[in-house]
Amino acid sequence: MSTENFTPQMQKWLTNAQKVSQKFATFVRQACERKLNPPTKPWRNKEVVLVKLLQEYPVKDQGVHVAHWQQKVIKKCLEVYNLALDLFAFRQEFTFPKIEFHKHHTRSVGWFCPGDHTLSFHIFTIILEQQRYLDDVVPHEMAHVVQHYLYREKIIPRKYASGHDLVFQILAQMLGSTGKATFQISQEEQISQRLQSQQASLRQTLKNLEPKKGNYYHYHCACANKEHKLKIIRHNNIQKGKRQYICLKCKQTLKFTGQVTPISIFTSE
Ligand SMILES: [Zn+2]
Ligand SMILES: [Zn+2]
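An unreviewed UniProt entry lists the protein chain under the name SprT-like domain-containing protein, with Psittacicella melopsittaci as the source organism.

Below is the structure:
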């Protein structure tokens, strides 16, 4: 098949793939051909079936919302994995990754650890962003799995084994993700607005899973009705006598009121 039949998107992938290596360009070209002419009998790894998978990832004791969204993520992972098998014709040696759900506060909403072949997903963001997370983050992380596989198979050089460069963008887009390195989570006002409309039990679940962000330390100055909320670093600087902060308006030194409140995206401010 000639590249004439390729869509402009595919032509672009191919041009970019050529910048990486001839091997990778051939790989992408074959995948594009399979995308245009999908195999009549899709390749399915018999070892990985959804029912079995869900058994491997028990979701007990987590609450109904958590269990529901964990299962949706696992299901989507399997979908994207099967797409990858069809598209890239990997067969058995492309093993399904282990899946984990984390809830600690981190800048990453998901990541792939090649060392233990594990995908980790941020449960709070999943439940908050729902379909948007499934559509973008899951294929994004699966693209990292493919990317690492290609490195191990020596189809791409080491410098393309991780990160979000040309290789990654091509793979992520082929698997249905935007290929962008960041996932924009809803703005805080939007979140609290959206939460108002959620049912009480879901609201409680999210509250329990909410990443801990520390506290605000309340300070006052000479302005009437003005309160300054400082975070831990500035608060410590003041308490240790290392620094002083002044109000830009009244030019008075800020004084601690003694009030401490947790930073929460659920507080409407
Ligand atoms: Zn990434
Ligand atoms: Zn002031």
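Visitor: Explain the overall build of the protein chain to me, please; I cannot follow it from the model alone.
Guide: For the protein chain, the helix and strand inventory stands at ten helices and six strands. Across the 269 residues of the protein chain, 27% fall into the buried class. The contacts in the protein chain between residues at least 6 apart in sequence include a share of 62% that link residues at least 24 apart.

Visitor: Sorry if this is basic, but what is going on with the pairing of strand 6 (residues 255-262) here?
Guide: Where a strand is regular, its side chains alternate between the two sheet faces. Here strand 6 lies mainly on the outside; zero of its eight residues are buried. Two strands pair when backbone bridges link them, and strand 4 (residues 215-220) and strand 6 are joined in this way by five bridges, in the antiparallel orientation. Paired with Tyr216 across the two strands is Thr261, which belongs to strand 6.

Visitor: What's the story with the sheet that holds strand 4 in this structure? I'm lost.
Guide: In a beta sheet, neighbouring strands are held together by backbone hydrogen bonds and run either parallel or antiparallel to one another. Pairing is antiparallel across the open sheet formed by three strands, whose spatial order is 5-4-6. In the strand order of this sheet, the two ends are held by strand 5 (227-230) and strand 6, each with one partner. Between one strand and the next, the sheet's axes are offset by a mean angle of 30 degrees, whatever the strand orientation.

Visitor: What should I look at first to understand the sheet that holds strand 2 (residues 110-113) in this one?
Guide: Reading across from one edge, 1-3-2 is the order of the three strands in this open sheet, with mixed pairing throughout. Edge positions in the open sheet fall to strand 1 (98-102) and strand 2, since each of these has one partner strand only. Looking at each pair of strands side by side, their axes are set apart by 20 degrees on average, direction ignored. The pairing of strand 1 with strand 3 (residues 118-122) spans five bridges and is classified as parallel. Among the inter-strand pairings, Ile99 is bridged to a residue of strand 3, identified as Leu119. Relative to strand 2, helix 6 (residues 131-152) is tilted by about 15 degrees, and along the sheet it contacts strand 2 and strand 3.

Visitor: Looking at this structure, I do not really get the packing of helix 1 (residues 8-20) against helix 7 (residues 166-174). What am I missing?
Guide: Each packed pair of helices is defined by two parameters, the angle between the axes and the distance between the axes. Where helix 1 contacts helix 7, the two axes come as close as 9 Å, and the packing angle between them is 145 degrees. Between helix 1 and helix 7 lies a crossing of left-handed hand. Residue-level inspection shows Trp13, Asn16, Ala17, Lys19 and Val20 of helix 1 in contact with helix 7, the latter providing Leu166, Val167 and Ile170. For the contact of helix 1 with helix 7, a count of residues per class yields six nonpolar, one polar and one charged.

Visitor: Sorry if this is basic, but what is going on with helix 1 here?
Guide: Note: α-helices contain 3.6 residues per turn, so residues at a spacing of three or four share the same orientation. Taking 1.5 Å of rise per residue, 13 residues should cover 18 Å, and helix 1 covers 19 Å from first to last C-alpha, within 8% of that figure. If you check which residues of helix 1 are buried, you get Met10, Trp13, Ala17 and Val20. In an axial view of helix 1, the angular spread of the buried residues amounts to 65 degrees, which keeps them on one side of the axis. Those residues of helix 1 that are exposed and aimed more than 90 degrees away from the buried face are Pro8 and Lys19. Among the structural elements, helix 2 (22-36) and helix 7 are those in contact with the buried residues of helix 1.

Visitor: Help me out: how do you make sense of unusual backbone geometry in this one?
Guide: For residues other than glycine, phi is negative in most cases, and the peptide bonds are mostly trans. In this structure, Ala89 is a non-glycine residue whose phi angle is positive, near 50 degrees. Of note, Ala89 is situated in the loop between helix 4 (64-88) and strand 1. Positive phi, close to 65 degrees, is recorded for Lys251, a residue that is not glycine. Relative to the helices and strands, Lys251 resides in the loop between helix 10 (232-239) and strand 6. The exposed category is assigned to Lys251, around which 9 C-beta atoms lie within 10 Å.

Visitor: What's the story with the nonpolar core in this structure? I'm lost.
Guide: Core analysis: the biggest nonpolar cluster contains 50 residues, and Cys77, Ala84, Met142, Val146 and Leu171 have the highest contact counts within it. The element contributing the most residues to this core is helix 4, with twelve residues. Leave out the neighbours within four places in its chain, and Val146 touches Ala84, Phe88 and Leu171.

Visitor: I keep staring at the environment of Phe168 and nothing clicks. Help me out?
Guide: By secondary structure assignment, the location of Phe168 is in helix 7. Taking C-alpha positions, Phe168 is 8.7 Å from His140, a pair spaced 28 residues apart along the chain. Setting aside residues no more than four positions away along its own chain, Phe168 makes contact with Ala143, Gln147 and Gly163.

Visitor: Would you mind showing me how to read helix 4 here?
Guide: The end-to-end C-alpha distance of helix 4 is 36 Å, a good match for the 36 Å that 25 residues give at a rise of 1.5 Å each. Directly after helix 4, the chain includes Ala89, whose backbone phi takes a positive value near 50 degrees.

Reading the values: rules and limits
Residues numbered from 1 in each chain as written. Chains lettered and ligands numbered in written order. Predicted model: local features only at pLDDT ≥ 70, side-chain atom pairs only at ≥ 80, totals over all residues. Helix = DSSP H or I, 4+ residues; strand = E, 2+ residues; numbered from the N terminus. Buried ≥ 20, exposed ≤ 12 C-beta atoms within 10 Å, placed from the backbone. Contact = placed C-beta atoms within 7 Å. Pairing = 2+ DSSP bridges. Axes fitted to C-alpha atoms, helices over the stretch in contact; angles between N-to-C directions. Left-handed = near helix turned anticlockwise from the far one by under 90°. Nonpolar A, V, L, I, M, F, W, Y, C, P; charged D, E, K, R; others polar. Expected span 1.5 Å × (residues − 1). Arc of directions from axis to C-beta. Core = buried A, V, L, I, M, F, W, Y, C linked by C-beta atoms within 7 Å.

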